[in-house]
Amino acid sequence: MALVTTTEMFKKAYDGGYAIGAFNVNNMEIVQGITEAAQELKAPLILQVSKGARAYANHTYLVKLVEAAVIECPDIPIALHLDHGPDFETCKSCIDGGFTSVMIDASSKPFAENIEITKKVVEYAHDHGVVVEAELGTLAGIEDDVKVAAHAASYTRPEEVEEFVAKTGCDSLAIAIGTSHGAYKFTAAQCTRNEKGILVPPPLRFDVLEEVSKRLPGFPIVLHGSSSVPQEFVKAINEHGGQMPDAVGIPEEQLRHAAELSVCKINIDSDLRLAMTATIRQYFDEHPGDFDPRQYLKPARSAIKAMVAHKIVDVLGCDHKA
Ligand code: G3H
Ligand code: 13P
Ligand code: ZN
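Residues numbered from 1 in each chain as written. Chains lettered and ligands numbered in written order. Predicted model: local features only at pLDDT ≥ 70, side-chain atom pairs only at ≥ 80, totals over all residues. Heavy atoms only, no water.

### Thoughts on the packing of helix 6 (residues 111–127) against helix 7 (residues 161–168)
To characterise two packed helices, one gives the angle between the axes of the helices and the distance between these axes. Helix 7 packs onto helix 6 with a crossing angle of 35° between their chain directions and a minimal axis gap of 8 Å. Two packed elements cross with a definite hand, and for helix 6 against helix 7 that hand is right-handed. On helix 7, the residues touching Phe-111, Asn-114, Ile-115, Thr-118, Lys-119 and Val-122 of helix 6 are Glu-163, Phe-164, Lys-167 and Thr-168. When grouped by side-chain class, the residues that make up the contact of helix 6 with helix 7 number four nonpolar, three polar and three charged. (Axes fitted to C-alpha atoms, helices over the stretch in contact; angles between N-to-C directions. Helix = DSSP H or I, 4+ residues; strand = E, 2+ residues; numbered from the N terminus. Left-handed = near helix turned anticlockwise from the far one by under 90°. Contact = heavy atoms within 4.5 Å. Nonpolar A, V, L, I, M, F, W, Y, C, P; charged D, E, K, R; others polar.)

### Some remarks on the packing of aromatic side chains
Tallied over the full model, the rule gives three aromatic pairs. Where Phe-88 meets Tyr-124, the ring centres are 5.8 Å apart and the plane angle is 80°; that geometry is what we call edge-to-face. One end of the pair, Phe-88, is in helix 5 (residues 88–96); the other, Tyr-124, is in helix 6, and 36 residues separate them in sequence. Side by side, Phe-88 and Tyr-124 carry an identical accessibility label, which is buried. A centroid spacing of 6.2 Å and a plane angle of 45° characterise the contact between Phe-111 and Phe-164, whose relative ring orientation is tilted. Note that Phe-111 is positioned in helix 6 and Phe-164 in helix 7, a separation of 53 residues in sequence. The cationic tip of Lys-120 hangs over the ring face of Phe-88; the distance from NZ or CZ to the ring centre is 4.4 Å. Positioned above the aromatic ring of Tyr-155 is the side chain of Arg-205, whose terminal nitrogen or guanidinium carbon lies 4.9 Å from the ring centre. (Phe/Tyr/Trp six-rings, centres within 6.5 Å; stacked < 30°, edge-to-face > 60°. Buried < 20%, exposed > 50% of the residue type's maximum accessible area, 1.4 Å probe, protein only. Lys NZ or Arg CZ within 6 Å of the ring centre and 35° of its normal.)

Structure below.
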């Protein structure tokens, strides 16, 4: 199977009450860990590449790694997506360079400007058989080199979504309902603590999601900033020389609920980073004499695979939907 767009996956996900995982890729082991899990579970998959990933690993290396995964995973549809495309030129470069889906993220711009930039990307993308994700509302957290403080974040305004989608022609819409990028999604002051002293974040704004879905029936919604920051990884990192106090994510059951509604794509990056970092830190602690990267990257890749398999089955619900 060649790389696909997300059109068919989203239609089936919407109708079936599940979501597709969109996992960020930056190197070979991450691509392999994610795709091995998806192939074994027969799960449709989105591999996404940020501007930072292209700067780190090089566009061509990443495209070729994903093309290799397509060959190795013949039973599942895989889309290659640009995550947080900052401008028309970056989107064009990915559309021309083999991606099947791009995000234009003009969400920090005024509404009319967001429409104008998004529309331009949509016209070029659709002419080339590529689909477009756009964003309305602003998430808190860190994307590439841009840090959005919690006070500067804003929920999506449901009253804007119909005009935005009609005027831009975008294929899916990322909305802000309280998720946030990175491993520190909420400050301690925004959370309560459970009996174990672990931070419990404020609930997602399902009222906003439901209002958006009512206004855009059948239209695929995307959630960014959807890592759950598994506490076993945070604990392992902290026990093996790391310092990640009070790292906190989105509870998995809330993401599962969103996937049953109109959310068709759920973005996960930080949990991959945590799985990899926790495993490598522990490995170094336990094997101080080892220095062959294969020795520690192999368990890191396995940890990514196990974490992605768990997301596919227990959070996204997309196993055996390929
Ligand atoms: O939304 C941001 C993603 O986690 C990508 O992160 O820009 O550091 O590659 P990055
Ligand atoms: P996390 O930082 O929660 O993994 O979000 C990733 C993301 O939204 C990528 O676009
Ligand atoms: Zn994002």
